[in-house]
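Given next are the chains, with one letter for each unit.
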Amino acid sequence: ERAGDAPNDKQLNAACPWLPAGLLRAIQRGYLCHHVVLLKPARGKDYRQSILKFLADENIDLAILGSRDKPYRTAASQDAPGHELTGSTALRLVREGPCPCIVVRRPLFEYRPDFYCARPRHVVICLGPDVRLGEATVDWSIANVLLGDDIITCAHAHAHEMDRVPMKQRLQPLILRLQEFQQKYSPGAVPSQIATLRMLVGEPRKLITACLESASPKVDLLVVGSRGHSGLRRMLLGSVSDHFLKHAPCPVCVVRHEHGDNKQEFDL
């Protein structure tokens, strides 16, 4: 059941008493959105299923989700007990949602107080050995989230030093595409903003997470592709995107393979 498209201030206050006062005022004044939709799940229905249905019915292009799960830990404490996201709403929407999702686990106000006007942003794109998935992730990022003045870093980790040269050659066309985007939309970009590829040797998940923690300037957004594994295969192989959702020190945007394949073409 859809509760309404245009709640007044009294309805919004009654429905969302948990929202911070400043954020609630911003929504009421229209600073953060064009309209507010309050979803009321049918009796006995999972509210997450109502959200998934809304995203599909409205053809939403991008969902931004907050997560109240376990607090952020540094890479050194990632293996501490009790840090798994059991029954996480964010994880379910990322895995089953009809559109890419950005998950913000820590409050933005704690991450960067001036997030409304911070420029340039530092965006990291995680590239794995699947070049086709990397192409879909880069193209979707260009079409949907990247700005011309962003500082763009692409990160790839491989297990053996011997893989460095062949993987760099395979990923270089993606870096050139990002640089072409920047040259068109930010021709005056300084060298530190030009898209670069950082090659790392080691276990990808923990290594890239540690680099995110030590990055300068701080990372504002991590974009990672996902093959969409589920069930037993996800349990056996693990999921890189799930790991970043649990441990990354910044908001994470997950683009599943089918999302990249269904992207709108972006003509440079």
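As shown above, the structure is provided for reference.
Residues numbered from 1 in each chain as written. Predicted model: local features only at pLDDT ≥ 70, side-chain atom pairs only at ≥ 80, totals over all residues. Heavy atoms only, no water.

## Some thoughts on the pairing of strand β8 (residues 221-226)
Right, on to step 1. Of all 6 residues that make up β8, 6 are buried, and the element is covered over most of its length.
Right, on to step 2. By the alternation rule, side chains of β8 split into Leu-221, Val-223 and Gly-225 and Leu-222, Val-224 and Ser-226, which are all buried.
Right, on to step 3. The sheet contact formed by strand β5 (residues 122-126) and β8 spans 4 bridges and is parallel. Residue pairing in the sheet places Val-124 in a bridge with Leu-222 of β8.
Right, on to step 4. In terms of strand pairing, β8 meets strand β9 (residues 252-256) through 5 bridges, oriented parallel. Residue pairing for β9: Val-224 is matched across the bridge by Val-254. (Buried < 20%, exposed > 50% of the residue type's maximum accessible area, 1.4 Å probe, protein only. Helix = DSSP H or I, 4+ residues; strand = E, 2+ residues; numbered from the N terminus. Pairing = 2+ DSSP bridges.)

## Regarding the environment of Val-123
Right, on to step 1. With respect to the helices and strands, the residue Val-123 is situated in strand β5.
Right, on to step 2. Val-123 gets classed as buried once you look at its relative accessible area, which sits at 1%.
Right, on to step 3. Distance from Val-123 to Leu-221, taken between C-alpha atoms, is 5.0 Å for residues 98 residues apart in sequence.
Right, on to step 4. Excluding residues that lie within four positions of it along the chain, Val-123 makes contacts with Leu-146, Asp-150, Ile-151, Ile-152, Thr-153, Leu-221 and Val-223. (Contact = heavy atoms within 4.5 Å.)

## So, the pairing of strand β6 (residues 151-158)
Right, on to step 1. Along β6, 8 of the 8 residues are buried, which leaves the element largely enclosed by surrounding structure.
Right, on to step 2. Every second residue of β6 is oriented toward a common face, with Ile-151, Thr-153, Ala-155 and Ala-157 on one face and Ile-152, Cys-154, His-156 and His-158 on the other, all of them buried.
Right, on to step 3. Where β5 lies against β6, 5 bridges are found, and the strand directions are parallel. Of the residues in β6, the one forming a bridge with Val-124 is Thr-153.
Right, on to step 4. Crossover handedness for the path β5 to helix α6 (residues 131-144) to β6: right-handed.
Right, on to step 5. Of the strand pairs in this sheet, β6 and strand β7 (residues 196-201) are connected by 6 bridges, and their pairing is parallel. The residue bridging His-156 from the neighbouring strand is Met-199, located in β7.
Right, on to step 6. With helix α7 (residues 164-185) bridging β6 and the parallel β7, this β-α-β connection has right-handed handedness. (Right-handed = clockwise from strand over helix to strand, strands pointing away.)

## With respect to the side chain of Asp-150
Right, on to step 1. Relative to the helices and strands, Asp-150 resides in the loop between α6 and β6.
Right, on to step 2. Looking at Asp-150, the relative accessible area reads 0%, which means it is buried.
Right, on to step 3. Reaching out from Asp-150, the side chain makes a polar contact with the backbone nitrogen of Leu-147 at a distance of 2.7 Å.
Right, on to step 4. Non-local contacts of Asp-150, meaning those with residues more than four positions away in its chain, are made with Arg-121, Val-123, Val-145, Gln-182 and Gln-193. (Polar contact = N/O pair within 3.5 Å; in protein donor to acceptor, adjacent residues only side chain to side chain.)

## Thoughts on α7
Right, on to step 1. For α7, which comprises 22 residues, the first-to-last C-alpha distance of 31 Å matches the rise-based estimate of 32 Å (1.5 Å per residue) to within 8%.
Right, on to step 2. If you look at α7, its biggest bend is around 40°, right at Leu-171, and the proline Pro-173 turns up within four residues after that.
Right, on to step 3. Three or more residues of α7 are buried, namely Met-167, Leu-171, Leu-174, Ile-175, Leu-178, Gln-179, Phe-181 and Gln-182. (Expected span 1.5 Å × (residues − 1). Bend = angle between axes of the 7 residues up to and from the residue.)

## Points about the sheet that holds strand β3 (residues 63-66)
Right, on to step 1. As summarised here, the arrangement of the 7 strands in space is β3-β4-β9-β8-β5-β6-β7, forming an open sheet in which the pairing is mixed. Strands at the two margins of the open sheet, each flanked by one partner only, are β3 and β7. Strand after strand, the sheet turns through a mean of 25° between neighbouring axes, direction not considered.
Right, on to step 2. Note that strand β4 (residues 101-104) and β9 share 3 bridges and pair antiparallel. Residue pairing across strands places Cys-101 opposite Val-254, the latter belonging to β9. (Axes fitted to C-alpha atoms, helices over the stretch in contact; angles between N-to-C directions.)

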